[in-house]
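Fold and contact review
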Amino acid sequence: MSQFPTATRLRFVLVGTQHPGNMGAAARALKTMGLARLVLVAPEKPLDEEAFRRSAGAEDVLGDAPVVATLAEAVADCRLVLGCTARARRVQLEEYLPADAAARAVAKAGEGAEVALVFGRERTGLTNEELQLCHAAVHIPSDPDFSSLNLAAAVQVLAYETRMQLLGTQPVAEAEAGVREQAASHEQMESFFAQLGDTLDEIDFHKGRAPESAMRKLRRLFLRSEPSEQEVRLLRGILADTQRMARLAQAGRKDS
């Protein structure tokens, strides 16, 4: 068990890993920094002898890692999801350097929230659809002339910065967590976004334009604001009334 209670709410998520050995090396990177929560999303190959050999003492971290089918499933209960990615993506997200990302992650975990740091495939990273599920992006400022960073090395960078933040965390952060409103979970936010999309369609908000651009901007807006569970319930109540009025208006037009 980690010496830091906050660390139990921090998970490192590997998406679509192509080489089993990298999963083992990532587990070792976490354990050296006192971290233990690893989640594997749809790895291309199952864990094998090489994976456990490269974990080199972190077999417990690797062996305990749950394997799930999708990123959405891996982060469903999280209040903060940070995606490690290179720049120049079409999905525009607030971007953090590793130290700043670790500071935000540890602060949020200190409030009692579940937090995920997400890493993509070795060759292609995270897809745009997967980045849409993240609240913000993390960029490791490697040399642009040789920017390729091994997956386990990227995990090590974020794990180190996370440990440095944990070492400086004051116990008061956990004591204050009880007086703050619980942020909405990732699953709750995704349900809200689905209802928001349906509502915008029902009121013909897009006027024939493609809805993707508006929804990307709205996702960024609401994810950046980190609404609480109560605030999301309020927003969904407003949407439900909007949908009801839109249906009544449509029925009235049909009757006239």
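Structure report, in brief. (Residues numbered from 1 in each chain as written. Predicted model: local features only at pLDDT ≥ 70, side-chain atom pairs only at ≥ 80, totals over all residues. Heavy atoms only, no water.)

1. Overview of the overall build of the protein chain
Under the convention used in this document: The secondary structure listing takes helices from DSSP runs of H or I that are at least 4 residues long and strands from runs of E that are at least 2 residues long, numbered from the N terminus. Only protein chains enter the accessibility calculation, which uses a 1.4 Å probe. A residue is then buried if its area is under 20% of the maximum for its type, exposed if over 50%, and partly exposed in between. Residues count as neighbours in contact if any of their non-hydrogen atoms are within 4.5 Å of one another. Only the protein chains shown count as cover for residues, with accessible areas throughout obtained via the Shrake-Rupley method and a probe of 1.4 Å. His is not counted, nor are the chain ends; Lys and Arg add positive charge and Asp and Glu add negative charge. Here the site of a charge means atom NZ of a Lys, CZ of an Arg, CG of an Asp or CD of a Glu.
Secondary structure assignment for the protein chain yields eleven helices and seven strands. With the C-alpha coordinates of the protein chain rotated into their principal frame, the extents come out at 75 × 40 × 35 Å. A total of 256 residues make up the protein chain; the buried ones form 45% of that total. Summarising the internal contacts of the protein chain: among those between residues at least 6 apart in sequence, 87% fall at separations of at least 24. As presented, the protein chain carries roughly 13,100 Å² of accessible surface, and 53% of it is formed by carbon and sulfur atoms. The protein chain carries 31 positive and 35 negative side-chain charges, and their two centres are separated by 4 Å.

2. A short note on helix 10 (residues 212–225)
Quick reminder of the rule: Here the expected length of a helix is defined as 1.5 Å per residue gap, with one fewer gap than residues.
The end-to-end C-alpha distance of helix 10, which contains 14 residues, comes to 20 Å, matching closely the 20 Å that a straight helix rising 1.5 Å per residue would cover. Buried residues along helix 10 sit against helix 9 (186–202) and helix 11 (229–255).

3. A closer look at unusual backbone geometry
For Ala42, which is not a glycine, the phi torsion comes out positive at approximately 40 degrees. Here Ala42 is to be found in the loop between strand 2 (38–41) and helix 2 (49–55). With relative accessibility at 40%, the residue Ala42 sits in the partly exposed group. Positive phi is not limited to glycine here, since Asp204 has a value of about 55 degrees. Within the element layout of this structure, Asp204 appears in the loop between helix 9 and helix 10.

4. Let's talk about the nonpolar core
Put simply, the rule reads: Each nonpolar core is a collection of buried residues, namely Ala, Val, Leu, Ile, Met, Phe, Trp, Tyr and Cys, held together in the definition by side-chain atoms within 4.5 Å.
Among the nonpolar cores identified, the biggest contains 39 residues, and Phe12, Leu14, Leu38, Phe119 and Val155 are the most heavily contacted of them. Filtering out sequence-adjacent residues up to four positions away, Leu38 remains in contact with Phe12, Leu14, Met23, Ala27, Leu30, Val61, Leu62, Ala65 and Pro66. One finds Cys78, Leu93, Ala116 and Ala137 within the second-largest nonpolar core, a separate group that totals 18 residues.

5. Some points on empty space enclosed by the protein
For clarity, the threshold we go by: The pocket and cavity definitions rest on a 1 Å grid over protein atoms only: a 1.4 Å probe that fits but cannot leave marks a cavity, an open set with protein on both sides within 12 Å along at least five of seven lines marks a pocket, and residues lining either have an atom within 4 Å of a point. Grid points are joined across faces, edges and corners, and a volume is the space filled by probe spheres set on the points. Each residue receives one of three labels: charged for Asp, Glu, Lys and Arg, nonpolar for Ala, Val, Leu, Ile, Met, Phe, Trp, Tyr, Cys and Pro, and polar for the others, Gly being one of them.
Within this structure, the stated rule accounts for one cavity of 30 Å³ or more. Put simply, the largest cavity is a space of about 40 Å³. Taken together, Arg79, His135, Ala183, Ala184, Met189, Phe222, Leu223, Glu226 and Pro227 form the lining of the largest cavity. Residues that form the lining of the largest cavity fall into these classes: six nonpolar, one polar and two charged.

6. With respect to the layout of surface pockets
One number sums up the size of the largest pocket: a volume of about 510 Å³. Forming the walls of the largest pocket are 24 residues, and the residues nearest its centre are Cys84, Thr85, Ala86, Ser147 and Leu149.

7. Topic: the pattern of salt bridges
For clarity, the threshold we go by: Only one rule defines a salt bridge in this text: a Lys or Arg side-chain nitrogen within 4 Å of an Asp or Glu carboxyl oxygen.
This model, assessed by the stated rule, comprises twelve salt bridges. In this structure, Lys31 and Asp60 form a salt bridge, with 3.0 Å as the shortest nitrogen-oxygen distance. Note that Lys31 is positioned in helix 1 (residues 20–32) and Asp60 in helix 3 (residues 59–63), a separation of 29 residues in sequence. Residue class for Lys31 comes out partly exposed when judged on its relative accessible area of 37%. Looking at Asp60, the relative accessible area reads 41%, which means it is partly exposed. Here the residues in one salt-bridge network are Arg11, Arg37, Asp77 and Glu114, joined through shared partners.

8. Topic: the packing of aromatic side chains
As a reminder, the rule being used: Two rings belonging to Phe, Tyr or Trp (six-membered ring only in the last case) form a pair when the distance between their centres is within 6.5 Å. Interplanar angles under 30 degrees mark stacking, angles over 60 mark edge-to-face geometry, and anything in between is tilted.
This model, assessed by the stated rule, comprises three aromatic pairs. Seen in terms of ring centroids, Phe192 and Phe193 are 5.5 Å apart; in terms of plane orientation they differ by 45 degrees. Their pairing is tilted. Here the aromatic rings of Phe192 and Phe222 are separated by 5.0 Å at their centres, their planes lie at 80 degrees, and the arrangement is edge-to-face. With a gap of 30 residues between them, Phe192 in helix 9 and Phe222 in helix 10 connect regions that are remote in the sequence. By relative accessible area, which is 17% here, Phe222 ends up buried. Pairwise contacts between aromatic rings join Phe192, Phe193 and Phe222 into one cluster.

9. Remarks on the sheet that holds strand 6 (residues 115–119)
Note the cut-off: At least two DSSP bridges between two strands are required for those strands to pair. Only the contacting stretch of a helix is used when fitting its axis, a line to C-alpha atoms as for every element, and angles between N-to-C directions run 0 to 180 degrees.
Taken in spatial order, the seven strands make up an open sheet running 3-2-1-6-4-7-5, and their pairing is parallel. Strand pairing shows two members of the sheet lacking a second neighbour, strand 3 (67–68) and strand 5 (95–96), which therefore form its edges. Sheet strands in contact with helix 7 (residues 151–167) are strand 1 (10–15), strand 4 (80–84), strand 6 and strand 7 (136–138), and its direction is about 170 degrees off that of strand 1.

10. Here's the deal with the environment of Asp60
For clarity, the threshold we go by: For the purposes of these results, a polar contact is taken to be a pair of N or O atoms within 3.5 Å, where, inside protein, one atom must be able to donate a hydrogen and its partner to accept one; residues adjacent in sequence count only when each atom of the pair is a side-chain atom.
In this structure, the C-alpha to C-alpha distance between Asp60 and His19, residues 41 residues apart in sequence, is 19 Å. A polar contact of 3.0 Å, which involves the side chain of Asp60, links it to the side chain of Lys31.

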